[in-house]
Amino acid sequence: MKGTSFYLIALLTGYGLDLCFGTSRCTYLSANWINQGIFVLEKSICNHFTRIEKKEAFVKGILAILIISILGMIGASILVIADWIHPVVSFLAAVLISCQMLGNRLLQDQSKQVYRELKIGKSKEKIEQYKKEKAIQEMIETVAKGISEDVIAPLFYMALFGPIGGIIYQAGNRISFMEVKLNEIINYIPSRLAAGLMIIACAFLQFPVKETYRIFLRDRYICEDINSGQTRAVCAGALGIQLMEMGDAKRKATCEDILSVNRILSVSSYLGLVLLTLGCWAVRKLFGID
């Protein structure tokens, strides 16, 4: 297998590919094969255990590890075969997998589509003000959560462990029978890293940083999801609106807030890419790990 620099360059290239062409072209197939793989493995493995939903957490954990390991080995096999064929094929495979694990452009495209529909009115029908505000808030919450789970977390695990780290993360994030416990574990560090990057991004974008940080400290654990609450609290503070009881309702959410959270997404992802790739490269070189 290749060294650290090889996979970090592949990650940078994959990030650029996702940003340029969008996840509807680059990630859709990967999301499908991971989801389908989990579905098939859950069905074939869990059927051997009666009433798996009532089994002890230990048994569920073993099954989750087994499913994640199988999907990880599939990804590793692809990289090994590609490396055996030719170094260029190996690099392209690493780039494609890295691109497939990211959802940066998909989040932007989806939110902009909602913005256009709410701004001009889909099919020229007038949307009730309450429903419109609710739709705006839901989109902002989706992007806020996605900054962590679809951008920073995949970058974090791929910077540390290469493309396989991205596959393992996405597989672990999609396993259903573990409910939210596995999701909480694997997103614990990335969600807090994402929130920190978002606060820095708010400084660059001239959002009220002190107010953002205050709301973040005060409200980040109000949400039942202790991880997505981190990034949602940042958005609530930066925009001056209320999201799921987080933040102060200084004003009502507007369509322009969707564009604002998109800007936070873009800057946060750039900061995360630079921080994680350079940081991991420097640490590995310092300790002679390659």
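Here, the structure is the one placed above.
Residues numbered from 1 in each chain as written. Predicted model: local features only at pLDDT ≥ 70, side-chain atom pairs only at ≥ 80, totals over all residues. Heavy atoms only, no water.

S.K.: Outline the overall build of the protein chain, supporting the account with residue identities and numerical values.
M.R.: Per the secondary structure count, the protein chain includes 13 helices and zero strands. Helices (α) and strands (β) of the protein chain occur, in sequence order from the N terminus, as α-α-α-α-α-α-α-α-α-α-α-α-α. Relative to its 290 residues, the protein chain shows a buried fraction of 50%. For the protein chain, restricting intrachain contacts to residue pairs at least 6 apart in sequence, the fraction spanning at least 24 positions comes to 75%. Taken as a whole, the protein chain presents about 14800 Å² of accessible surface, with 64% of it coming from carbon and sulfur. (Helix = DSSP H or I, 4+ residues; strand = E, 2+ residues; numbered from the N terminus. Buried < 20%, exposed > 50% of the residue type's maximum accessible area, 1.4 Å probe, protein only. Contact = heavy atoms within 4.5 Å. Areas by Shrake-Rupley, 256 points an atom, 1.4 Å probe, with all protein chains shown as cover.)

S.K.: Residue-level account of helix α11 (residues 209-219), with values.
M.R.: Those residues of α11 that sit buried are Glu211, Thr212, Ile215, Phe216 and Asp219. Around the axis of α11, the buried residues are gathered within 135° of arc, so they sit on the same side. Tucked inside the fold, the buried residues of α11 contact α10 (188-204) and α12 (228-239). (Arc of directions from axis to C-beta.)

S.K.: Hey, could you go over the environment of lysine 285 for me, with residue numbers and the actual values?
M.R.: You can see lysine 285 is positioned in helix α13 (residues 255-286). With 281 residues separating them along the chain, lysine 285 and threonine 4 place their C-alpha atoms 8.9 Å apart.

S.K.: So what about α10? Which residues, and what values?
M.R.: Between the first and last C-alpha of α10 there are 25 Å, a value that for 17 residues agrees with the 24 Å anticipated at 1.5 Å per step. Within the sequence span of α10, burial applies to Pro190, Ser191, Ala194, Ala195, Leu197, Met198, Ile199, Ala201 and Cys202. Looking at the residues trailing α10, positive phi occurs at glutamine 206, about 65°. (Expected span 1.5 Å × (residues − 1).)

S.K.: Summarise the packing of aromatic side chains; cite the residues concerned and give the values.
M.R.: Tallied over the entire structure, the rule returns six aromatic pairs. When the ring of tyrosine 157 is compared with that of tyrosine 169, the centres are 5.4 Å apart and the planes differ by 15°; the resulting orientation is stacked. Here the residue tyrosine 157 occupies a position in helix α7 (residues 129-161), and tyrosine 169 occupies one in helix α8 (residues 163-174), the gap between them amounting to 12 residues. Neither residue differs from the other here; tyrosine 157 and tyrosine 169 are each classed as buried. Through successive ring pairs, a cluster of aromatic residues spans Phe6, Tyr7 and Phe91. The aromatic ring of tyrosine 188 is capped on one face by arginine 192, whose charged end is 3.7 Å from the ring centroid. Positioned above the aromatic ring of phenylalanine 216 is the side chain of arginine 220, whose terminal nitrogen or guanidinium carbon lies 5.0 Å from the ring centre. (Phe/Tyr/Trp six-rings, centres within 6.5 Å; stacked < 30°, edge-to-face > 60°. Lys NZ or Arg CZ within 6 Å of the ring centre and 35° of its normal.)

S.K.: Please give an account of the packing of α11 against α12 that cites residues and values.
M.R.: Relative to each other, α11 and α12 sit at 140°, their axes nearing to 7 Å. In terms of their interaxial angle, α11 and α12 are classed as oblique. In this structure, the crossing between α11 and α12 has a hand that is right-handed. Facing α11, whose interface residues are Glu211, Thr212, Ile215, Phe216 and Asp219, α12 presents Gln230, Ala233, Val234, Ala236, Gly237 and Ala238. Class assignment of the residues belonging to the contact of α11 with α12 gives a composition of six nonpolar, three polar and two charged. (Axes fitted to C-alpha atoms, helices over the stretch in contact; angles between N-to-C directions. Parallel < 35°, antiparallel > 145°, perpendicular 65-115°, else oblique. Left-handed = near helix turned anticlockwise from the far one by under 90°. Nonpolar A, V, L, I, M, F, W, Y, C, P; charged D, E, K, R; others polar.)

S.K.: Account for the side chain of asparagine 104, with residues named and values stated.
M.R.: Relative to the elements of secondary structure, asparagine 104 occurs in helix α6 (residues 104-120). In terms of polar contacts, asparagine 104 uses its side chain to reach the side chain of tyrosine 15, at 3.3 Å. (Polar contact = N/O pair within 3.5 Å; in protein donor to acceptor, adjacent residues only side chain to side chain.)

S.K.: I'd love a proper account of the pattern of salt bridges, names of residues and values included.
M.R.: Within the structure shown, the criterion is met by seven salt bridges. Between aspartate 248 and arginine 218 there is a salt bridge, with its nearest N and O atoms 2.8 Å apart. One end of the pair, aspartate 248, is in the loop between α12 and α13; the other, arginine 218, is in helix α11, and 30 residues separate them in sequence. Overall, arginine 218 belongs to the partly exposed group, its relative accessible area being 42%. Taken together, the shared-partner salt bridges in this structure form one network comprising Glu211, Arg214, Arg218, Asp219, Asp248 and Lys250. (Salt bridge = Lys/Arg side-chain N within 4 Å of Asp/Glu carboxyl O.)

S.K.: Outline the nonpolar core, listing residues and values.
M.R.: If you look at the biggest cluster of nonpolar residues, it comprises 72 residues, and the most contacted ones within it are Ile140, Ile147 and Leu155. Looking at which element gives the most residues to this core, the answer is α7, with 14 residues. Those residues in contact with isoleucine 140 that sit more than four places away from it in its chain are Cys235, Leu239, Ile241, Leu243, Asp257, Ile258 and Val261. (Core = buried A, V, L, I, M, F, W, Y, C linked by side-chain atoms within 4.5 Å.)

S.K.: Could you give me a rundown of the packing of helix α1 (residues 4-21) against α6, with the residues and numbers involved?
M.R.: Packing of α1 against α6 leaves a shortest axis separation of 7 Å and a crossing angle of 20°. Between α1 and α6, the angle falls in the class roughly parallel. Relative to α6, α1 is oriented so that their crossing is right-handed. In this structure, α1 uses Tyr15, Asp18, Leu19, Cys20 and Phe21 to contact α6, whose residues at the interface are Asn104, Arg105 and Gln108. Per-class residue counts for the contact of α1 with α6 are four nonpolar, two polar and two charged.

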